[in-house]
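Residues per chain are reported as follows:
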Amino acid sequence: MRQRDGKTSLHHAARNGHVDCINYLVAEEGHVADEPSGDGATPFHLACFGGHCDAVVALMQMHNCNFAATNEWGCHAGHWIAMTKSEWTAEVQNICHFLLEKAGTNLFVEQQNQGHAPLHKAAQRQNRHVIEWLSQSQEEGGAGLSEEQKQQVGLPDEGGHTPSQIWTSVAGDEQFVEWMRSFGW
């Protein structure tokens, strides 16, 4: 059964990191690992949003989900991990590294329909741990974006807002916004 928004029990299992439920629903109940909700969000998107690395890996490696799938807004896994509700820095960064390994840095640079790169989404959710990861070199344990990519992710969205302006609009602290601006974000 689906909820009004099109989400199924698989979507909820993924968002909450219940790998045994994910495996059961796909293997025994016939759920499709990439089944979209009403707005196109997949269980993989919600596993990223929930910040559950085990669920992300299970959906990708055991159930062959499409990590490049987008919802109706054009948001893909890079946007969803940037919007994560999880404050577990190590777990979120493990997902970021997993996605980086599978898709490369472009996943963290591409814009969705409103011109938001994952950096804009991280700023909107005040996900400092994602923003810091995006700024770091691979040697430092980060995304390893090139200087050109760092400039690209900081471009204004369709409404003319930079990531640092978005951070400020959601009551982010001024010291961190100054740090973001040092990158041109």
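Going by the structure above, here's the rest.
Residues numbered from 1 in each chain as written. Predicted model: local features only at pLDDT ≥ 70, side-chain atom pairs only at ≥ 80, totals over all residues. Heavy atoms only, no water.

A. Fine view of the environment of D5. Among the secondary structure elements, D5 is positioned in the segment before α1 (9-15). On the basis of relative accessible area, D5 is assigned to the partly exposed category, the value being 35%. Note: C-alpha distance between D5 and G38 (33 residues apart in sequence) is 5.2 Å. Once you skip the residues sitting within four places of it in the chain, D5 turns out to touch S37, G38 and D39. (Helix = DSSP H or I, 4+ residues; strand = E, 2+ residues; numbered from the N terminus. Buried < 20%, exposed > 50% of the residue type's maximum accessible area, 1.4 Å probe, protein only. Contact = heavy atoms within 4.5 Å.)

B. Broad picture of the pattern of salt bridges. What the rule picks out here adds up to 4 salt bridges. A single salt-bridge network, built from bridges that share partners, covers E174, E178 and R181. (Salt bridge = Lys/Arg side-chain N within 4 Å of Asp/Glu carboxyl O.)

C. Examining the packing of aromatic side chains more closely. Applying the stated rule across the entire model yields 7 aromatic pairs. For the pair W167 and F176, a centre-to-centre distance of 4.7 Å together with 45° between the ring planes defines the contact as tilted. Residue classification places W167 among the buried positions, given a relative accessible area of 2%. What makes F176 buried here is its relative accessible area of 5%. Look at W179 and F183: their rings are 4.9 Å apart centre to centre, the planes differ by 70°, and that puts the pair in the edge-to-face class. Of the residues examined, W179 reaches a relative accessible area of 30% and is grouped as partly exposed. By relative accessible area, which is 26% here, F183 ends up partly exposed. Three or more aromatic residues joined by ring pairs form one cluster here, namely W167, F176, W179, F183 and W185. (Phe/Tyr/Trp six-rings, centres within 6.5 Å; stacked < 30°, edge-to-face > 60°.)

D. Fine view of the environment of V32. Considering the arrangement of structural elements, one finds V32 in the loop between α2 (19-27) and α3 (43-50). Take V32: its relative accessible area is 51%, and that puts it in the exposed class.

E. Looking closely at the side chain of H120. Position of H120 relative to the elements: it lies in helix α7 (residues 118-124). Reaching out from H120, the side chain makes a polar contact with the backbone oxygen of L155 at a distance of 2.9 Å. Discounting chain neighbours no more than four positions away, the residues touching H120 are G115, V153, L155, P156, D157, H161, T162, P163 and I166. (Polar contact = N/O pair within 3.5 Å; in protein donor to acceptor, adjacent residues only side chain to side chain.)

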